[in-house]
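Structural characterization, general
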Number of protein chains: 2
Amino acid sequence: MDAIEVARARGSRKRTRIQAENEEKILDAALEVFSRFGFRGATVDQIAEKVGMSKPNLLYYFRRKQDIYTAVLTRTLDMWLAPLGDMSEDGDPETELVGYIRQKLEQSRDKPQESRLFIGEILQGAPHLDKVLKTELKDIVTEKAAVIRRWIADGKLIPVDPVHLIFMIWATTQHYADFDTQVRAVLGKGMNNPATFRAASDTVVNVLMRGILPGR
Amino acid sequence: MDAIEVARARGSRKRTRIQAENEEKILDAALEVFSRFGFRGATVDQIAEKVGMSKPNLLYYFRRKQDIYTAVLTRTLDMWLAPLGDMSEDGDPETELVGYIRQKLEQSRDKPQESRLFIGEILQGAPHLDKVLKTELKDIVTEKAAVIRRWIADGKLIPVDPVHLIFMIWATTQHYADFDTQVRAVLGKGMNNPATFRAASDTVVNVLMRGILPGR
DNA sequence: GGCGTCCTTGACCAAAAGGGCAAGAAAAAT
DNA sequence: ATTTTTCTTGCCCTTTTGGTCAAGGACGCC
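Residues numbered from 1 in each chain as written. Chains lettered and ligands numbered in written order. Predicted model: local features only at pLDDT ≥ 70, side-chain atom pairs only at ≥ 80, totals over all residues. Heavy atoms only, no water.

Examining the interface of chain B and chain A
- The interface of chain B with chain A comprises 58 residues on the first partner and 58 residues on the second.
- Interface of chain B and chain A: buried area, both sides summed, is about 5000 Å²; carbon and sulfur atoms make up 69% of it.
- By the criterion of area lost to chain A, the three top residues of chain B are Arg40(B), Leu123(B) and Arg210(B), representing 15% of everything that side buries.
- Applying the counting criterion to the chain B and chain A interface returns zero salt bridges.
- Viewed at the interface, chain A and chain B are joined by 13 residue pairs in polar contact (both at pLDDT 80 or more).
- Mapped by element, the contributors of at least two residues to the side of chain B that touches chain A are helix H2 (17-41), helix H7 (112-123), helix H8 (130-153), helix H9 (162-178), helix H10 (180-187) and helix H11 (194-212) of chain B.
- A per-element tally of the side of chain B that touches chain A places H9(B) first, with 12 residues.
- Classifying every residue of the side of chain B that touches chain A by side-chain character gives 31 nonpolar, 17 polar and 10 charged. (Contact = heavy atoms within 4.5 Å. Buried area = accessible area lost by both parts, 1.4 Å probe. Salt bridge = Lys/Arg side-chain N within 4 Å of Asp/Glu carboxyl O. Polar contact = N/O pair within 3.5 Å; in protein donor to acceptor, adjacent residues only side chain to side chain. Helix = DSSP H or I, 4+ residues; strand = E, 2+ residues; numbered from the N terminus. Nonpolar A, V, L, I, M, F, W, Y, C, P; charged D, E, K, R; others polar.)

Next up, the structure:
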């Protein structure tokens, strides 16, 4: 086995154009399928068909179903957690929180599948994400909870449990992605409709802000 | 074919004790499995094993996987929608809404699997429930939205979009069932812990009520 | 334009999954 | 106690699904 073979065996060879393109197409299709049916409910054939590629070809890029799932999950994860990180302690609580809520609502409108992918994973008991939840997620929540606590101490917010407040924000915003089907059944339209998006935003922002900002 | 055979073919014969018992045990096990893996991710063998029964025996009671799923879904549905119906126009808005929120939170604590079963169905696009969502659910939401609108007209509530307010209540309460795994990862404990339940209730009730009740 | 590597797929395989059947074991009815 | 009905399971079948393999075709580099 020469050096090149070793390198290739380790997967450390330079990625070709075709590789990059196809891997991305695969992950997009996989996101669609996994977000609808969960890991166990999704089939490799289904993903392959959605990509317009033979199954063996798909498996040339990702050898196991697991690998596809893990790849799409990790690809999504950072993007998903980002908004919370944006929330800065220095700013005005109202501005910061409203900004965060708006970002999450935009995510629900623009990236609903990503949201559904996570809930599918959570429903199963988060077998592939358990570690991340208990470390990275927990850490960032603890950190932001501290920020909220300081705002409360400064009298800028009503006293509330910060973690449960974060849960409320997550719940109310992600609802529009996760329960999209239900929202559409009741409302007749979804978040892609500007009026619906505005009504949802206004309601969520107003009620939550009125609920935690002091005075009046 | 005599009368009895005809009756049996129609399934209209009296249910025996064993039938009642086993069907219930099956539906319980099916709820567990379907709520974790969704319709497609669940397997009949898995359910059979959970019941402690051979697969052919299980299929003696429910001939197809579909039938099990439909049965557990409809069994859960009424129970699930009930609390909304309890909300009466005559009462005081605060009492009624707080009561509703509390009931939903208790549901999340006591019947989390039922909640997860629904979200699994919704994620798939509600293929088995679409009709119900667009009729019964939509109707009851419209009805309750009218009640809320009247409360607003009477100055008993701040002006908010009633439907989105209902969504917020659903989202914040069901979150504790659907995201149980995540809640546990962050908090270290779930809603079965009395302190957690109290903290969640207080936060949700306080923030929402403060967010929509007028004055002060 | 030739050559080595990468890409693609048809054919195939083993395991898992939905479901049927017939025959024996338990219950119920007589 | 016998007969009838209901319950239960071992065995089998078919389809689906995850995954392999060998061989042909495309690509990129000299």
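A closer look at the domain arrangement of chain A
All names here are of chain A.
- Entries for chain A in the domain assignment read domain 1 (3-68) and domain 2 (86-212).
- Between the C-alpha centres of domain 1 and domain 2 the distance comes to 31 Å.
- Each partner contributes residues to the interface: domain 1 has six residues there, and domain 2 has six residues.
- Taking both partners together, domain 1 and domain 2 bury about 620 Å²; carbon and sulfur atoms supply 59% of that area.
- In terms of surface lost to domain 2, no three residues of domain 1 exceed Leu-31, Ser-35 and Phe-39, which account for 63% of the buried area on that side. (Domains from an automatic or database assignment.)

Topic: unusual backbone geometry
Residues and elements named next belong to chain A.
- The backbone phi angle of Ala-126 is positive, close to 55°, even though this residue is not glycine.
- On the secondary structure map, Ala-126 appears in the loop between helix H7 (112-123) and helix H8 (130-153).
- Judged by relative accessible area, Ala-126 falls into the buried class, the value being 0%. (Buried < 20%, exposed > 50% of the residue type's maximum accessible area, 1.4 Å probe, protein only.)

Here we look at the packing of helix H9 (residues 162-178) of chain A against H10(B)
- Direction vectors running N to C along H9(A) and H10(B) enclose 155°, while the axes themselves pass 12 Å from each other. Between H9(A) and H10(B), the angle is such that the two are roughly antiparallel. Between H9(A) and H10(B) the crossing geometry is right-handed. Residues Val163(A), His164(A), Phe167(A) and Trp170(A) of H9(A) form the contact with H10(B), whose own contacting residues are Gln182(B), Val183(B), Val186(B) and Leu187(B).
- Here the contact of H9(A) with H10(B) is composed, by residue class, of six nonpolar, two polar and no charged. (Axes fitted to C-alpha atoms, helices over the stretch in contact; angles between N-to-C directions. Parallel < 35°, antiparallel > 145°, perpendicular 65-115°, else oblique. Left-handed = near helix turned anticlockwise from the far one by under 90°.)

A short note on the protein's contact with DNA strand C
- Taken together, the neighbourhood of DNA strand C is formed by 21 residues, with Thr16(A), Gln19(A), Asn57(A), Tyr61(A) and Lys65(B) sitting nearest.
- When the atoms of DNA strand C within 4 Å of the protein are grouped by moiety, sugar and phosphate amount to 61% of the total.
- Note that a phosphate oxygen of DNA strand C is positioned 3.2 Å from one of the side-chain N or O atoms of Ser54(A).
- Separating a phosphate oxygen of DNA strand C from a side-chain N or O atom of Arg17(B) is a distance of 3.4 Å.
- If you list the elements that add at least two residues to the surface near DNA strand C, you get helix H2 (17-41) and helix H4 (55-61) of chain A together with helix H3 (44-51) and helix H4 (55-61) of chain B.
- Tallied by class, residues from the surface near DNA strand C come to eight nonpolar, six polar and seven charged. (Near = heavy atom within 4 Å.)

Considerations on the packing of aromatic side chains
All names here are of chain A.
- Within this structure, the stated rule accounts for 14 aromatic pairs over all chains.
- With centroids separated by 5.0 Å and ring planes inclined at 80°, the aromatic side chains of Tyr-60 and Tyr-61 adopt a geometry described as edge-to-face.
- Among the residues examined, Tyr-61 registers a relative accessible area of 17% and is labelled buried.
- In textbook terms, an aromatic cluster arises when at least three aromatic residues are bridged by ring pairs, as seen for Phe-34, Phe-39 and Tyr-69.
- The positively charged end of Lys-65 is found above the aromatic ring belonging to Phe-39, 4.7 Å away from the centroid. (Phe/Tyr/Trp six-rings, centres within 6.5 Å; stacked < 30°, edge-to-face > 60°. Lys NZ or Arg CZ within 6 Å of the ring centre and 35° of its normal.)

So, the relation of the copies chain B and chain A
- Between chain B and chain A, which share one sequence, the superposing operator has a rotation angle of 180° and an axial displacement of 0.0 Å; the RMSD is 0.0 Å. Interpreted geometrically, this transformation is the action of a two-fold axis. (Least-squares fit on C-alpha atoms with pLDDT ≥ 70 in both.)

Notes on H7(B)
Residues and elements named next belong to chain B.
- In this model, H7 (12 residues) spans 17 Å end to end at C-alpha, consistent with the 16 Å of a helix rising 1.5 Å per residue.
- For H7, the buried fraction is high: 11 of the 12 residues fall into the buried class.
- Those residues of H7 lying buried are Pro-112, Glu-114, Ser-115, Arg-116, Leu-117, Phe-118, Ile-119, Gly-120, Glu-121, Ile-122 and Leu-123.
- Downstream of H7 by one or two residues, Gly-125 has phi in the positive range, about 100°. (Expected span 1.5 Å × (residues − 1).)

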